[in-house]
Amino acid sequence: MSTPTTFWRLAGVSYVQYVSKASSTLRMALKEPAKSKAMAQEQFFFNKSQWTNGVMGEKTAMGVAKK
C-alpha cells in the first residue's frame, strides 16, 4: 500500500506556491467589480529593519511588491 500524498506535492510545488497560484487563478476568474477589488489584494507592502545584538532597529518602508 502506498503512502497518501497531496496533489501539490506530486506536482512538485510547495504548499505556499500552490496557494499563491490558486488564489491568483481565482482572482483572474472573477467578474467586475469583485475582480478589481480582489486584484488589489495581490499587492503588498513590506518593511525592512536592521537587527543588532538582538534588538530591532528602525523600520524602513521598502515599497510595494507585486506577485
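Since this is a predicted model, take the numbers as computed values, not measurements. Counting from 1, residues in each chain are numbered in the order their sequence is written. The predicted origin of the model limits local features to residues at a pLDDT of at least 70 and limits the giving and counting of side-chain atom pairs to 80 or more, whereas totals for whole chains, interfaces and linings rest on all residues. As a convention, hydrogens and water are excluded, and side-chain values are obtained from all of the structure's heavy atoms.

*Asks:* How would you sum up a nonpolar patch on the surface? Please name residues and give values.
*Replies:* Here the term patch refers to residues with relative accessible area over 30% and no salt bridge, with like charges joined within 9 Å and nonpolar side chains (Val, Leu, Ile, Met, Phe, Trp, Tyr) within 5 Å. Where accessible areas are quoted, they stem from the Shrake-Rupley method and a 1.4 Å probe; at the residue level, only the protein chains shown are allowed to cover. Any carboxyl oxygen of Asp or Glu that lies within 4 Å of a side-chain nitrogen of Lys or Arg is treated as forming a salt bridge with it. On the surface, Phe44, Phe46 and Met62 cluster together into a nonpolar patch covering about 280 Å² of accessible area. Following the sequence through the fold, Phe46 ends up in strand S1 (residues 43–52). Labels follow the DSSP assignment, with helices taken as runs of H or I lasting at least four residues and strands as runs of E lasting at least two, numbered in each case from the N terminus.

*Asks:* Account for the packing of aromatic side chains, naming residues and giving values.
*Replies:* Pairing of aromatic rings covers Phe, Tyr and Trp, the last through its six-membered ring, and needs centres within 6.5 Å; plane angles under 30 degrees mean stacked, over 60 mean edge-to-face, and all others mean tilted. What the rule picks out here adds up to 3 aromatic pairs. Seen from their ring centres, Tyr15 and Tyr18 are 6.3 Å apart, and the 45° between their planes marks the pair as tilted. Linking Tyr15 with Tyr18, this pair stays in helix H2 (residues 15–29), spanning 3 residues, or about one helical turn. Only protein chains enter the accessibility calculation, which uses a 1.4 Å probe; a residue is then buried when its area is under 20% of its type maximum, exposed when over 50%, and partly exposed in between. On the accessibility criterion, Tyr15 (49% relative accessible area) is partly exposed. Through pairs of rings, three or more aromatic residues link up here, namely Phe7, Trp8, Tyr15 and Tyr18.

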